[in-house]
Structures are given as C-alpha cells and as structure tokens.
Amino acid sequence: MKRLEQQLSTTSIHETQSSNSVRNHSDPPSGDDLLVSIFSRLPLKSIARFRCVSKFLASILRRHDFTELFLTKSLTRPRLLFTVKATNGKLLFYSSPQPHNPDHNSCLVPTPYHTSSFPEYLPSDICSTVCGLVLLQGWKRKVRVICNPATGEFLTLPKVKVKSNPTEISQTYLGYDPIGKQFKVLCVTLSRDERPKTHQVLTLESGKRVWRTVEHKFYFEDNFTMSGDVCINGVLYFGAAVGRSSMIVCFDVGSEKFSFINTNEDMRIQYPCLSGSLTLFNYKGKLGIRQDSDNMFCENELVLWVLEDAGNHKWCKHSYVLSPLGSDLVQYNRFIGMTSTGEVVFSGLSQLHEPSDLFYLSFYNLQSGTFKRVYFQGLEEFKQQFTTPHTFLDYVENIKFM
C-alpha cells in the first residue's frame, strides 16, 4: 500500500506541474477532478486496491466520468484475452499485452484475472467480448451471463419470454453504442418459415432489466456456413440466410433498427455443409470475412473480404499467396482475427507435436508476408488437457460496474 501511495503522490506532482502552464488561463481543477485524472493513469490492480481504502475513494472510482476516461485510455493499449476451462470445470480468464510487430519466438506471461466470485455454472460454449464486457452462453443450458473480467463482476440475464416454440431461440449477441454509451443484448429468434419472428433487446443499465420487443421487416434463418459476430462503431453484424442466399444482418445498437448486406457471389463455397467456412471479423474498423478454401488445390491462399460500401453491398477481395510454412499454419490452425494494426492472427488447435509445451499464437504480417510466433508461458497445463484457450484480440479493460 505504501508503494501505491508513493505512486499516487508522484503522479499527482507530475499532474500538478503539467497543469501549471494552463492554470493561468483556466479555472483550477477541483480536488475530485484531479483525483479522477490521477487515478486514470494507474494500472487496474492499483485501482482495485484503492477501491478498498475508503468509501470516498470508492465513490470517486465509480464515477461515470472516471470509468469513461479509463476506458478511453484502455482503448490505446489493447490486450489479448484468454478464456479456458480448468479441470474442475470453472472458467478462467487470463490477459496479456497485445504485441505489435512482435519478435519471432518471443514469450509473454499472461496474468490471471481474479474472478473467484464467478459461479461454477458459468457457460462457455459461446463467448464474445465487446468493449471489455464478455457475453457467455451455452448449448445445453439456456443461461446467459454478462461478466467483466477486469472487475470480477457478473450478471445473469433474465430469461427470455417467447410466445412461439422456445426451441427456436438461437443466438444472443452483445453490442455497444459508443454515442449513447450503452451496452445492449440482442436475442434473435430465427425463422423456420417465412413468418417474421420476435426479436428482443435488453439494455445493461442500473435498475430493473427487462427484455423489449424490436420490430424488423424481413425474416432470416440461421446460416451454418458463417461463424462469429462483431460489433463495429455501434453496429452489430452476424451471418444469416434467406432461403439459399447468404447475407449479413446489421443491427444498429443505438436506434435498434435492422438492415442487411448481401454477400458477394464469389463467397459461395462448393460444399455448403462445411460449418464456419466464412468467419466475420474486424478489419481495421471495417467488416471483414475470412473465407476458408474448400478446394484442396488452393490451400496456400489466404482470402479476406472487406466491406467497402454497405449501402451498395460492395465488397473488396484480398488474396495472399502463402509460403509452405504459412499454408500449414493456415490449414491446421484456428483463425482468430485481425489486430487493430492489421496483423492476422492464428491459434493452434493442438500443438502436441511441437517440441515446446507453450501455447502460442502466429501473427501474419500482410505487407511483408511473414509469420511470427509468440509463446505464452503459464498456460501449459491446459494444453495437456487437450484444451485450447479461446483467444480474443484488441481486448480493452473496462472498469464499468454492473
């Protein structure tokens, strides 16, 4: 604690010195505002400890302007988030700085989040993260949970009331509206015929949380050839189908309105039964789709599609010819996505043949055409359990309280 107090005192001195030059031309900041600015510079662990010092500091650290300032700073230092199940079935969370242009065969040590308060029934079949919060849901159990690994808090969502067959409830998605500063959960009921189904939205705010019905003008079915969902600039994207046609459903989190984008005809694969052949991801602020090859003669090609004009359903295709080593990595590894700096990331499904027991990620630089491997020390025990950590890119620590 003394070390934290020294850090706080040192930061306060620098803050005061840097503000002297402008204090003559503006009103001096209040004591609370100065504390908000100082605390926003501290690491997450320090903030967690200061919350326990006094009720006064806890009230400062729960202020809306402080959580927004901390989130703004976190966006400039993205991290990697790993989720993995322990032998006792409990879901664990680890985090590591996200490397930019990493050195080959470099090694990082992920740090665990202290999530001992999370219940053991926490589902983990489907995970997605948006702006620091994580949505967890399972195939067997209908429990849906929102958790914040950074604060150790979780929220079990209320059950969805459905008038039709409850087995038709398929997917739940998490979105964030950067203008309204609101998190919302969308629960879609997929059609088995051409009749529109009811979709519902829940806003994550204090007080009573209830599902609200939202309208849409078209019906859609599940699309097993597409996997993943992504929220970019307040718009939530996920794959769907109308008849035999594939499309992207767009849900504006702020206005709660639906629209759709047609996929390019060249995205059609030869064997539609191949699940997850098209993977949605964030391509440097645009919607991207990674297309798996169903042609055994094109395994050395990495194909990425980028949405250039949503209104006109215009896509741009990017193809990269890989080296033999790169072809093996792409063919036998799991596509994770793309970092905000434009590096494509792959994760090994099983690395038991590797000489090292360390879990690793492969970063592919599109400009140089080279792969670099980054190892992560501390996750070896899960590898022996035939369990591969689920990896999320560009994770930001958010101290929003639920």
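Calculation criteria
- Residues numbered from 1 in each chain as written.
- Predicted model: local features only at pLDDT ≥ 70, side-chain atom pairs only at ≥ 80, totals over all residues.
- Heavy atoms only, no water.
- Phe/Tyr/Trp six-rings, centres within 6.5 Å; stacked < 30°, edge-to-face > 60°.
- Lys NZ or Arg CZ within 6 Å of the ring centre and 35° of its normal.
- Salt bridge = Lys/Arg side-chain N within 4 Å of Asp/Glu carboxyl O.
- Buried < 20%, exposed > 50% of the residue type's maximum accessible area, 1.4 Å probe, protein only.
- Pairing = 2+ DSSP bridges.
- Helix = DSSP H or I, 4+ residues; strand = E, 2+ residues; numbered from the N terminus.
- Axes fitted to C-alpha atoms, helices over the stretch in contact; angles between N-to-C directions.
- 1 Å grid on protein atoms, 1.4 Å probe; cavity = no way out; pocket = protein on both sides within 12 Å on 5 of 7 lines; lining within 4 Å.
- Points joined across faces, edges and corners; volume = space filled by probe spheres on them.
- Nonpolar A, V, L, I, M, F, W, Y, C, P; charged D, E, K, R; others polar.
- Disulfide = S-S within 2.5 Å.
- pLDDT = per-residue confidence, 0-100.
- Contact = heavy atoms within 4.5 Å.
- Arc of directions from axis to C-beta.

**Student:** Outline the packing of aromatic side chains, supporting the account with residue identities and numerical values.
**Tutor:** Taken as a whole, this structure holds 18 aromatic pairs when the rule is applied. Three or more aromatic residues link up through ring pairs in this structure, and these residues are F281, Y283, Y320, F335, F346, Y364 and F371. When the ring centre of F70 is taken as reference, the NZ or CZ atom of R77 above it lies at 5.9 Å.

**Student:** If you had to explain the pattern of salt bridges to someone new, which residues and values would you point to?
**Tutor:** Taken as a whole and judged by the stated rule, the model has 8 salt bridges. For D292, the salt bridge identified is with R290, shortest N-O distance 3.1 Å. With relative accessibility at 7%, the residue R290 sits in the buried group.

**Student:** Outline the sheet that holds strand β23 (residues 343-348), listing residues and values.
**Tutor:** With mixed pairing, the 5 strands of this open sheet are ordered in space as β3-β25-β24-β23-β22. The sheet is open, and its two edges are formed by β3 (106-108) and β22 (333-338), each paired on a single side. Pairs of neighbouring strands in the sheet enclose a mean axial angle of 30°, with direction left out of account. The sheet contact formed by β23 and strand β24 (residues 359-365) spans 5 bridges and is antiparallel. Along β24, the bridge assignment pairs F346 with S362.

**Student:** Any chance you could break down the sheet that holds strand β17 (residues 257-262) for me, citing the residues and the numbers?
**Tutor:** Pairing is antiparallel in the open sheet, where 4 strands are placed in the order β14-β15-β16-β17. The sheet is open, and its two borders are formed by β14 (229-232) and β17, each paired with just one other strand. Averaged over all pairs of adjacent strands, the angle between strand axes in this sheet comes to 35°, irrespective of strand direction. Two elements, β14 and strand β15 (residues 235-242), share 4 bridges in a ladder whose sense is antiparallel. By the bridge assignment for β15, I232 is matched with V235.

**Student:** Which residues make up empty space enclosed by the protein, and what values go with them?
**Tutor:** Under the criterion given, the structure shown has 1 cavity of 30 Å³ or more. Considering the residues around the largest cavity, the lining is formed by Q171, Y173, V188, L190, F220, E221, D222, F238, G239 and A240. At the level of elements, β9 (169-177) and β15 are the ones that each hand at least two residues to the lining of the largest cavity. Looking at the lining of the largest cavity element by element, the count peaks at 3 residues for β15. In the lining of the largest cavity, the residues fall into 6 nonpolar, 2 polar and 2 charged.

**Student:** Which residues make up the layout of surface pockets, and what values go with them?
**Tutor:** Here the second largest pocket defines a volume of roughly 470 Å³. The wall of the second largest pocket is formed by 22 residues, among which L44, K45, A48, Y113 and A150 lie closest to the centre. If you list the elements that add at least two residues to the lining of the second largest pocket, you get α3 (44-50) and β4 (111-112). With 5 residues, the single largest contributor to the lining of the second largest pocket is α3. For the lining of the second largest pocket, a count of residues per class yields 12 nonpolar, 5 polar and 5 charged.

**Student:** Describe the state of the cysteines, with residues and values.
**Tutor:** In the structure shown here, the tally under the stated rule is 0 disulfides. No disulfide involves C231; its nearest neighbouring cysteine sulfur is the one of C131, lying 8.8 Å away.

**Student:** So what's going on with the confidence of the model for the protein? Residues and values would help.
**Tutor:** On average, residues of the protein score 80 in pLDDT, and 80% of them are at 70 or above. Per-element averaging of pLDDT across the protein places helix α1 (residues 2-23) at the bottom with 44 and β14 at the top with 96. Considering only residues more than four positions removed or in separate chains, one finds that residues 7-26, a stretch of pLDDT under 50, has 16 contacts.

**Student:** For the environment of N105, give the residues involved together with the corresponding values.
**Tutor:** On the secondary structure map, N105 appears in the loop between β2 (91-97) and β3. N105 gets classed as partly exposed once you look at its relative accessible area, which sits at 42%. In this structure, the C-alpha to C-alpha distance between N105 and S362, residues 257 residues apart in sequence, is 9.5 Å. Leave out the neighbours within four places in its chain, and N105 touches R373 and Y375.

**Student:** An account of the pairing of strand β10 (residues 182-189) is requested, with residue identities and associated values reported.
**Tutor:** With 7 of 8 residues buried, β10 is to be regarded as a mostly interior element. As paired strands, β10 and strand β11 (residues 199-203) are joined by 4 bridges and run antiparallel to one another. Residue pairing for β11: V185 is matched across the bridge by L202.

**Student:** Go over the environment of F371, please, and point to the residues and values.
**Tutor:** Turning to its location among the elements, F371 is positioned in strand β25 (residues 370-376). Given a relative accessible area of 16%, F371 falls into the buried group. Between the alpha carbons of F371 and L325 there is a distance of 8.7 Å; along the sequence they are 46 residues apart. The contact partners of F371, leaving out residues within four places of it in the chain, are H104, L322, G326, L329, V330, F346, S362, F363 and Y364.

**Student:** A description of helix α6 (residues 324-332) should follow, citing residues and the corresponding values.
**Tutor:** Along α6, the residues classified as buried are G326, S327, L329 and V330. All buried residues of α6 lie within an arc of 165° about the axis, which places them on one face of the element. In α6, the exposed residues that point more than 90 degrees away from the buried face are P324, L325 and Y332. Contact partners of the buried residues in α6: β19 (286-291), β22, β23, β24 and β25.

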